[in-house]
Amino acid sequence: SVLQDVNKHTYNLTQNSGETFELKQKAVIPPSIFDEYQNMQYKCFMGIFPDIHRCWISIDNKIFLWSYMDNSDFNVFDELDQIIVSAGVVKPKKGVFKDYVKYLLVLATPVEVIILALIFDNNGRELKIVPTTYSISTDNVNMLSIKGTRDGRIFMCGADGNLYELQYNNESSYFTSRKTAKINHSRSFLGVVFSSLVSRYTENDPIIDMVIDDTRQFLYTLTQKSKIQLWQLGENDYIKLYYTYSSFVTDAKFKYDGSPSESALSLVSIHPVYEGESKEVTLIGIAGSGDRYYFRASKRSYYDIFVMKHVRHLKFDNSKMDSQQNQQPFFKAQGNGENSYYNGTGGNNGNQTQARIHTHSLAETVGIVHEAFYCNGVLILADSTSDNTDQLLCISSDCLKDSVFSNIISLNTNISETLST
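Cut-offs used in this document
Residues numbered from 1 in each chain as written. Predicted model: local features only at pLDDT ≥ 70, side-chain atom pairs only at ≥ 80, totals over all residues. Heavy atoms only, no water. Helix = DSSP H or I, 4+ residues; strand = E, 2+ residues; numbered from the N terminus. Buried < 20%, exposed > 50% of the residue type's maximum accessible area, 1.4 Å probe, protein only. Contact = heavy atoms within 4.5 Å. Areas by Shrake-Rupley, 256 points an atom, 1.4 Å probe, with all protein chains shown as cover. Arc of directions from axis to C-beta. Pairing = 2+ DSSP bridges. Axes fitted to C-alpha atoms, helices over the stretch in contact; angles between N-to-C directions. Salt bridge = Lys/Arg side-chain N within 4 Å of Asp/Glu carboxyl O. Core = buried A, V, L, I, M, F, W, Y, C linked by side-chain atoms within 4.5 Å.

J.: Help me get a handle on the overall build of the chain, residues and values and all.
T.: Looking only at helices and strands, the chain features five helices and 28 strands. Relative to its full complement of 421 residues, the chain shows a buried share of 48%. Long-range contacts, defined as pairs at least 24 residues apart, comprise 50% of the intrachain contacts of the chain with a sequence gap of at least 6. Total accessible area on the chain stands at roughly 21,500 Å², and carbon and sulfur atoms take up 47% of it.

J.: Give me helix H1 (residues 31-38): which residues, what numbers.
T.: Turning to H1, its buried residues are Ile33, Phe34 and Tyr37. Across the axial projection of H1, the buried residues extend over an arc of 105°, all falling on one side. Set apart from the buried face of H1 by more than 90 degrees, the exposed residues are Pro31, Asp35 and Gln38. Buried-residue contacts for H1 involve strand E3 (54-59) and strand E4 (62-67).

J.: Account for the sheet that holds E4, with residues named and values stated.
T.: Overall, antiparallel pairing links the four strands, which are arranged E2-E3-E4-E5 in an open sheet. The sheet is open, and its two borders are formed by strand E2 (44-49) and strand E5 (75-77), each paired with just one other strand. Taking the axes of each pair of neighbouring strands and ignoring which way they run, one obtains an average angle of 15° across the sheet. Relative to E3, E2 runs antiparallel, the two being bridged by six bridges. Residue pairing in the sheet places Cys44 in a bridge with Ile59 of E3.

J.: Tell me about the pattern of salt bridges, residues and numbers included.
T.: Under the counting rule described, the total for this entry stands at seven salt bridges. Of the charged contacts in the structure, one is a salt bridge between Arg54 and Asp73, with a shortest N-O distance of 2.7 Å. Separated by 19 residues along the polypeptide, Arg54 in strand E3 and Asp73 in the loop between E4 and E5 bring together distant segments of the chain. In this structure Arg54 comes out as buried when scored by relative accessible area, which is 2%. A salt bridge links Arg153 to Glu165, with the nearest nitrogen and oxygen atoms 2.9 Å apart. A residue pair is termed long-range when its members are at least 10 positions apart, and Arg153 in the loop between strand E10 (143-148) and strand E11 (154-158) and Glu165 in strand E12 (residues 163-168) qualify at twelve residues. Both residues of the pair, Arg153 and Glu165, count as buried.

J.: Lay out the nonpolar core in plain terms, naming residues and giving numbers.
T.: Within the largest apolar cluster, 23 residues are counted, with the highest numbers of intra-cluster contacts made by Tyr220, Ile228, Tyr293, Phe295 and Phe306. Elements represented by at least two residues in this core include exactly strand E15 (218-223), strand E16 (228-233), helix H4 (248-255), strand E18 (267-272), strand E19 (283-287), strand E20 (292-297) and strand E21 (306-312). One finds Phe97, Val101, Ile115 and Tyr164 within the second-largest nonpolar core, a separate group that totals 22 residues.

What follows is the structure, encoded as structure tokens:
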């Protein structure tokens with residue numbers, strides 16, 4: 001793995017001999033969603049649930065799901081009366097649902113969080129969304145992200161900067177008839193009592209990302225100000241705040257090769273590195289510049305609990321990649337208008353839009369990264385090159401060679417204000 005060599009601060013990217021990334025399939029947005037989009041009053045969000053092979057889009061108080069494997073099995077849930085602000089697919093706790101319920105859909109609105117059961121038929125090809133009795137108030141805190149552990153625990157990122165857990169069971173206790181509870185793990189008892197007083201003099205730092213490493217029983221949160229918190233998970237609903245890392249900007253300036261830009265000093269996402277992939281690196285932070293910051297979490301010493309190991313910058317070998325720039329074919333994105341909804345904007349001419357996939361030098365074209373994905377040495381970045389254009393950067397490492405190579409593909413498409421939410 002490229003993570004085993006943690007002493008290199010940068011690596012130069014050159015064109016690989018084999019094509020690592022290629023367009024295999026397009027999952028188009030079903031036409032019926034555009035009808036709903038035309039009537040949208042407030043907000044739209046979208047994403048992918050890879051565990052169940054579904055794309056999803058929420059429009060106001062409705063959520064739509066469909067299979068990205070063959071663009072089939074279209075589902076809609078429209079029984080809420082509030083705007084959906086976040087959604088997550090998690091595994092259920094053992095002993096609460098029937099064995100055929102393998103996944104749950106958790107939806108958050110500004111006023112409540114609800115749990116829906118997902119039931120699959122026909123060898124997983126057909127999905128049915130079933131309401132449950134599990135719901136709880138948000139206490140006017142927007143939950144920005146929802147993630148689950150492999151044993152069924154549900155965690156939520158609060159816009160108030162707190163980490164919440166949604167607990168549920170199938171039995172009422174002696175003292176209460178409630179089967180659902182929302183636990184604020186970030187505040188002590190006194191903190192909850194005086195939270196309204198403290199909030200008057202402190203500025204909220206919303207949690208913008210949360211990831212779970214089930215192999216090490218770690219949960220990480222990232223705030224808007226690039227503060228990382230490390231939580232230790234355990235059996236019987238155990239959780240403990242293990243460390244708060246607040247020196248990212250200082251450490252980044254020290255580790256950085258040269259003068260970092262403003263976007264290089266702000267993390268936009270974090271990604272776990274599982275135990276089987278690396279023993280030295282446990283977390284990767286992606287900055288707005290596309291630079292990667294590698295961290296290690298450890299229990300060996302209090303002064304070495306969480307440290308920044310090194311930084312990897314985006315550097316490209318222009319001479320080897322420019323020759324390949326015009327050799328990649330176009331592909332056509334079918335659309336409903338002059339500027340297709342598939343690419344983000346509306347129109348009525350029924351024309352097709354085109355996007356070019358090509359390899360090229362990105363040294364001067366990388367804008368501000370706003371979304372990132374990392375897994376097993378594969379990095380995908382989405383950055384805004386202009387107000388109307390997004391660029392998808394795909395970078396993978398050739399782990400079979402001594403030196404590190406990469407295959408970079410840039411997909412330039414127009415996006416709308418709403419569909420890029």
